[in-house]
Amino acid sequence: MQEEGSEIQEKTGLNDENNSFKKKLVSNYLKLVMLVVFCALFFWIGFEKGKENQISQPAVEMQEAVFKNKEKTNEKSIDFSLFWDAWDLVKNKYIDSDKLDANDLFYGAIKGMMQATGDPYTNFFTAEENKKFNEDITGVFEGIGAELGIKNEILTVIAPLPGTPAEKAGLRSGDKIIKINGKMAAEMSIEEAIDNIRGPKGTSVVLTIFRNGDQDTRDVTIEKDKINVKSVTLEWKEGNVAYINITRFGEDTSNLFSDIINSVKEKNAAGIILDLRNNPGGYLGTSIDVASRLLPKGKIVVIEETGDKSRKNMETYGGDIASGIETVVLINEGSASASEIVAGALRDNRENVTLVGEKSFGKGSVQEFIEMPRGTAAKITVARWLTPKGVQINEQGISPDKEVKNTLDDYNNNKDPQLDAALEILKEKIKK
């Protein structure tokens, strides 16, 4: 190329070369502008064609998106113009279209796609739902700091948490909440009631309560604050028995449990009651952390099975503190996921563990939580799990060694037959 250029320069002279260069530069510039315009026009036409359902519009090829493990149909392409048709129908035909929110429709479509998997644990979270999910898993939120429940069909304060606005305002265990900011609590689900009571730090909520012994209701105004609910608590029972309650497997659980189990060991606890009732689960890694404190190193905690049936053993990594201490694990139908992993791992690996209560929920799948744009998120089932002995508990649950039921009457009268049974079992085993 250099020799050819030298020859041209010799034949045409320097001015001709400059003129030629300028012409080429202008020509290339015009070509670039036309290319950009063409691309923009092509994109616009393609976008509009996608919204129109023209007969001449071919289906959008989705060959790389074909789910190879799914053979219900022979279709290898999807015509996305159908989505735009439905969108336009709602926008143009729906009677109250002026009241519709485009984001609600958009997010609803994504939620529908997730639900179409048929898996109840594959979900899409809007920004608001994602925020609430993170509050639940971390235990950090803004509100009044009171544990609530339904007793005798009335929203009731189970207990105000120590040092929280609820305690400072004088709420007591057993207080019945009649109204929340003037609205009847009886007309709300417990989730709706909690949503109405929670809120930004510095704002207030007015609770109309009825207290046993009072003649009339009273209004209590409570200013909300940042609340940090610990996921693990320790209480000592008669006979030097350590009662450890884990409410979730969240971000603070590993460190809290490590500190608590160390103190249990230092005080030479005669037995441990590990309460996993109504614990919906949480992080898989956290359940392995907890199990590693209760089992010798190298023991299988859970077996993870992927879609192609390949299996991976998840094992304890060391740090065993309490595998030699007689232990009772409390479970019920509210014990799910990570709770079931820990309960199953302890029973399959230790002879000095007894499960008491009711059959667990039966959530034998593993989800990956993925942050997405605009504050949204998705939770996708990526694997199933089995107990160390290879038992699949999905929709089956884990049955206790000793079944004990807690009735509604027990709850309303502050009785706990399951905890009583656990204490009695430990008492008998410690004697031996």
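So, here is what we can say about the structure in this document. Within each chain, residue numbers correspond to sequence positions counted from 1 in written order. Only residues with pLDDT of at least 70 get local features here, since the model is predicted, and only at 80 or more are side-chain atom pairs given and counted; chain-wide, interface and lining totals rely on the full set of residues. Note that water and hydrogens are dropped before the side-chain values are worked out from all heavy atoms of the structure.

### A closer look at helix H12 (residues 417–431)
Formally: Runs of H or I in DSSP of at least four residues are treated as helices and runs of E of at least two as strands, each being numbered from the N terminus. By this rule, a helix spans an expected 1.5 Å times one less than how many residues it contains. Burial classes follow relative accessibility: with a 1.4 Å probe on protein chains only, a residue under 20% of its type's maximum area counts as buried, one over 50% as exposed, and anything between as partly exposed. The arc in question is traced by the directions running from the helix axis to the C-beta atoms. What makes two residues a contact is simply this: any of their non-hydrogen atoms within 4.5 Å.
Its 15 residues give H12 an end-to-end C-alpha distance of 21 Å, which sits within 8% of 21 Å, the value for a rise of 1.5 Å per residue. Listed in full, the buried residues belonging to H12 are Gln 418, Leu 419, Ala 421, Ala 422, Ile 425 and Leu 426. Projected onto a plane normal to the axis of H12, the buried residues spread over an arc of 160 degrees and lie on a single side. In this fold, the buried residues of H12 make contact with strand E12 (232–237), strand E13 (241–246), strand E14 (271–275), strand E17 (327–331), strand E18 (353–357) and strand E21 (402–403).

### Side note on the pairing of strand E7 (residues 176–180)
Note the following rule: Strand pairing is assigned whenever DSSP identifies at least 2 bridges connecting the two strands.
With 4 bridges joining them, E7 and strand E9 (residues 204–210) adopt antiparallel strand pairing. Following the sheet pairing, Ile 180 is matched in E9 by Leu 207.

### A word on a nonpolar patch on the surface
Rules: Patch construction takes residues with relative accessible area above 30% that form no salt bridge. Like charges are linked within 9 Å, and nonpolar side chains (Val, Leu, Ile, Met, Phe, Trp, Tyr) are linked within 5 Å. Surface accessibility follows the Shrake-Rupley procedure with a 1.4 Å probe radius. Residue values consider only the protein chains on display as shielding. Salt bridges are defined by distance alone: a side-chain nitrogen of Lys or Arg within 4 Å of a carboxyl oxygen of Asp or Glu.
A cluster of nonpolar side chains, namely Val 90, Tyr 94, Ile 95, Leu 100 and Leu 105, defines an oily patch on the protein surface of about 430 Å² accessible area. Here Leu 100 is to be found in the loop between helix H3 (81–93) and helix H4 (102–115).

### A closer look at the pairing of strand E4 (residues 140–143)
Alternating residues of E4 divide into Phe 141 and Gly 143, all buried, and Val 140 and Glu 142, none buried. One ladder, built from 4 bridges, connects E4 with strand E11 (residues 225–228); its direction is antiparallel. Residue pairing in the sheet places Val 140 in a bridge with Asn 228 of E11.

### Here we look at the packing of aromatic side chains
Stated formally: In this analysis, rings of Phe, Tyr and Trp, with Trp reduced to its six-membered ring, are considered paired at centre separations within 6.5 Å, and the interplanar angle assigns stacked below 30 degrees, edge-to-face beyond 60, and tilted for intermediate values. Here, over-ring charges are defined by two tests on the NZ atom of lysine or the CZ atom of arginine: distance to the ring centre within 6 Å, and angle to the ring normal within 35 degrees.
By the definition in use, this model includes 8 aromatic pairs. Measuring from ring centre to ring centre gives 6.2 Å for Trp 84 and Trp 87, while their planes differ by 65 degrees; the resulting arrangement is edge-to-face. Of the two residues, Trp 84 and Trp 87 are both situated in helix H3; the distance of 3 residues between them amounts to about one turn of the helix. Judged by its relative accessible area of 22%, Trp 87 falls in the partly exposed class. With centroids separated by 5.2 Å and ring planes inclined at 40 degrees, the aromatic side chains of Phe 125 and Phe 133 adopt a geometry described as tilted. By relative accessible area, Phe 133 is classed as partly exposed at 26%. Within the aromatic cluster, the residues linked to one another by ring pairs are Phe 83, Trp 84 and Trp 87. Cation over ring: Arg 198 sits above Phe 141, and NZ or CZ is 4.1 Å from the ring centre. One residue, Lys 237, lies across the ring of Tyr 243, its end atom 5.3 Å from the ring centre.

### Section: the pattern of salt bridges
All chains considered together, the criterion is met by 18 salt bridges. Here Lys 201 and Asp 225 are joined by a salt bridge, their closest N and O atoms 3.8 Å apart. Remark: Asp 225 occurs in strand E11 and Lys 201 occurs in the loop between helix H7 (190–197) and E9; sequence separation between them is 24 residues. A relative accessible area of 53% means that Lys 201 is categorised as exposed. With a closest N to O distance of 3.8 Å, Lys 405 and Glu 358 form a salt bridge. Placement of the pair is Lys 405 in the loop between E21 and helix H11 (408–412) and Glu 358 in the loop between E18 and strand E19 (365–371), with a sequence separation of 47 residues.

### Here's the deal with unusual backbone geometry
With a phi close to 60 degrees, Asn 240 is a non-glycine residue in the positive phi region. Turning to its location among the elements, Asn 240 is positioned in the loop between E12 and E13. Residue class for Asn 240 comes out partly exposed when judged on its relative accessible area of 32%.

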